[in-house]
Amino acid sequence: MSIRIPRGTQDILPGEIEKWHFIEEKAREICEKFHYREIRTPIFEHTELFLRSVGDTTDIVQKEMYTFEDRGERSLTLRPEGTAAVVRSYVENKMYGDPNQPVKLYYMGPMFRYERPQSGRYRQFVQFGVEAIGSNDPAIDAEVIAVAMSLYKELGLRKLKLIINSLGDRESRAAHREALVNHFKPAIFDFCSDCQNRLEKNPMRILDCKQDREHELMKTAPSIIDYLNEDSKKYFEKVQQYLTDLDIAFEVDSNLVRGLDYYNHTAFEIMSEAEGFGAITTLCGGGRYNGLTEEIGGPEAPGIGFAMSIERFIAALDAEQITLPIKEEIDCYLVSLGEEAKDYTVGLLQKLRLSGFTAERDYLDRKIKAQFKAADRLNARYVAILGEDELKENKINLKSMETGEQSEIALDSFIEKFSELNK
């Protein structure tokens, strides 16, 4: 019986992985422009980190985490999201003492959630995210959103919708919480068991319930916007003003609730409106998480960030029929005839590569016609042909695969001449 890939995972093969490389490199370029620096954290963390930060009433903690005990009987969890680990590292490594504040970081890597696999959703998935920690300025909220929008637009996505909301500060959320409890409590047993458990612990999570989303009380639930105090209102107005200043179009959606407990003030999602994209339209989500550093054991340090799925990014590109400008060619393919010529190409190939060229040769003892076909399949720009006679006469033939033009070059100056051709 053959062993197959685990459900909810995927192999990213040559021919597809180049898209990932292109997106990842573009993300790094944009982060450099916005002065965000890369951070890499472990793939697993102590389970307590996610219980404290993500929230024990969330679907992630209750249903989706990959948790296990190691041989020292410590409970560890494969990271289901990136923010908690970055904030843990920020606190543990005392980045709050860095004179350059806020600390602006980005990450890329696999996350793990035990979800029902479907189009655009995997149990192992890759996220790119940024975190800006140490500033309460609403301008940094707009900047974080601008990072995400810049990446999408630079790669050609146009059918995007940015929705934003304010979840308010603690005072606003407390007033909204009380209103939600009073609203749902009389009919709470009409709702699923998860919603019943959330009523007292975190009633805002009820608004995010997929099972009861069509219930009449969902449509009339109190809006957080109506419970924002003056400080929260002013903060949200500033975020909107800065987005407008940056020419970033947005819609305010008072029903937007992010799926993690640590969010407050600004929350946002970027969605694809491309035809045929699928049922899951969210490409990116994020928000502000003031108070998270204290929850993890550090000093007060307000923060904001986002995470985007690379898998959904690629799906959105496909839905808009965008082809990335990926180089799918090699500079030179070495064709050899005869044993001595074949042996010589081993060293010549290495010299080409060390000179900065992508180069390849035959490793299957194929005839000359088959070697040319291999060069064609690899989209070789040039083919260099070396036979026994050429080797004795210290020369090599170079053919342009685009024009068909062929020239004879002295073998001992081949690398130099080839470099001149490709300046």
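Heads up: the structure comes first, above all this text.
Because the structure is predicted, anything quoted here is derived from the model rather than measured. (Residues numbered from 1 in each chain as written. Predicted model: local features only at pLDDT ≥ 70, side-chain atom pairs only at ≥ 80, totals over all residues. Heavy atoms only, no water.)

Q: Sorry, what's going on with the pattern of salt bridges here?
A: Proximity of charged atoms lets side chains of opposite charge pair with each other. Under the counting rule described, the total for this entry stands at 24 salt bridges. Between D318 and K19 there is a salt bridge, with its nearest N and O atoms 3.9 Å apart. Placement of the pair is D318 in helix α11 (residues 310-319) and K19 in helix α1 (residues 17-33), with a sequence separation of 299 residues. Classification of K19 as partly exposed rests on a relative accessible area of 23%. (Salt bridge = Lys/Arg side-chain N within 4 Å of Asp/Glu carboxyl O. Helix = DSSP H or I, 4+ residues; strand = E, 2+ residues; numbered from the N terminus. Buried < 20%, exposed > 50% of the residue type's maximum accessible area, 1.4 Å probe, protein only.)

Q: For this particular structure, what's the right way to read the side chain of S172?
A: Residue position: S172 is located in helix α6 (residues 170-184). For S172, a relative accessible area of 1% puts it in the buried group. A polar contact is formed between the side chain of S172 and the backbone nitrogen of N229, at a distance of 3.0 Å. Once residues lying within four places of it in the same chain are set aside, the contact partners of S172 are I224, Y227, L228, N229 and S232. (Polar contact = N/O pair within 3.5 Å; in protein donor to acceptor, adjacent residues only side chain to side chain. Contact = heavy atoms within 4.5 Å.)

Q: Would you mind going over the sheet that holds strand β1 (residues 37-38) with me for this structure?
A: Strands belonging to one sheet form pairs held by backbone hydrogen bonds; the direction of such a pair is parallel or antiparallel. Ordered by their spatial adjacency, eight strands build an open sheet running β1-β5-β6-β11-β10-β9-β7-β8, and the pairing between neighbours is mixed. Looking at which strands have only one partner, the edges of the open sheet turn out to be β1 and β8 (251-252). Both β1 and strand β5 (residues 103-112) contribute to a ladder of two bridges, which runs parallel. If you follow R37 over to β5, its bridge partner there is L105. Across the face of the sheet, α1 comes into contact with β1, β5 and β6 (124-133) while running at roughly 160 degrees to β5. The strands that helix α9 (residues 230-245) touches are β7 (160-166), β8, β9 (264-272) and β10 (282-288); relative to β7, the one it contacts most, it runs at about 160 degrees. (Pairing = 2+ DSSP bridges. Axes fitted to C-alpha atoms, helices over the stretch in contact; angles between N-to-C directions.)

Q: Even after reading the chapter, I still don't get the packing of α1 against α11, so can you show me in this structure?
A: Axis separation between α1 and α11 bottoms out at 11 Å; the angle between their running directions is 105 degrees. The orientation of α1 with respect to α11, classified from their angle, is roughly perpendicular. When α1 is examined against α11, the residues K19, W20 and I23 are found in contact with a partner set consisting of I310, E311, F313, I314, L317 and D318. For the contact of α1 with α11, the class distribution of residues is six nonpolar, no polar and three charged. (Parallel < 35°, antiparallel > 145°, perpendicular 65-115°, else oblique. Nonpolar A, V, L, I, M, F, W, Y, C, P; charged D, E, K, R; others polar.)

Q: How should I be thinking about unusual backbone geometry in this particular structure?
A: Comment: phi is negative for the bulk of residues other than glycine, and the bulk of peptide bonds are trans. Backbone torsion omega between Q101 and P102 reads 0 degrees, so that peptide bond is classified as cis. Its place among the elements puts P102 in the loop between α4 (83-92) and β5. One non-glycine residue, E73, adopts positive backbone phi at about 60 degrees. Structurally, E73 can be placed in the loop between β3 (66-69) and β4 (75-78). With phi around 55 degrees, N394 is a residue other than glycine that occupies positive phi space. Among the structural elements, N394 can be located in the loop between α14 (388-392) and β15 (395-400).

Q: Hey, could you run me through α6 in this one?
A: An α-helical segment advances 3.6 residues per turn. Residues three or four places apart therefore align on the same side. In a regular helix each residue adds 1.5 Å, so 15 residues correspond to 21 Å; α6 covers 21 Å between its end C-alpha atoms and thus fits that length. The set of residues buried in α6 consists of S172, R173, H176, A179, L180, V181, H183 and F184. In the core, the buried residues of α6 are packed alongside α7 (193-201), α8 (216-219), α9 and β9. Measuring from the side-chain oxygen of the N-cap residue of α6 to the backbone nitrogen of E171 gives 3.3 Å; that N-cap residue is D169. (Expected span 1.5 Å × (residues − 1).)

Q: Sorry, what's going on with the packing of aromatic side chains here?
A: All chains considered together, the criterion is met by ten aromatic pairs. Relative to F68, the ring of F44 lies with its centre 6.4 Å away and its plane at 70 degrees, an arrangement referred to as edge-to-face. Taken together, the residues span a long stretch of sequence, with F44 in strand β2 (residues 44-46) and F68 in strand β3 at a distance of 24 residues. Its relative accessible area of 43% is what places F44 among the partly exposed residues. Consider the rings of F128 and F306, whose centres lie 5.9 Å apart with planes at 70 degrees: the pair is edge-to-face. Separated by 178 residues along the polypeptide, F128 in strand β6 and F306 in strand β11 (residues 303-309) bring together distant segments of the chain. Of the residues examined, F128 reaches a relative accessible area of 1% and is grouped as buried. Judged by relative accessible area, which is 1%, F306 ranks as buried. The ring of Y363 carries the charged tip of R361 above its face, separated from the ring centre by 4.9 Å. (Phe/Tyr/Trp six-rings, centres within 6.5 Å; stacked < 30°, edge-to-face > 60°. Lys NZ or Arg CZ within 6 Å of the ring centre and 35° of its normal.)

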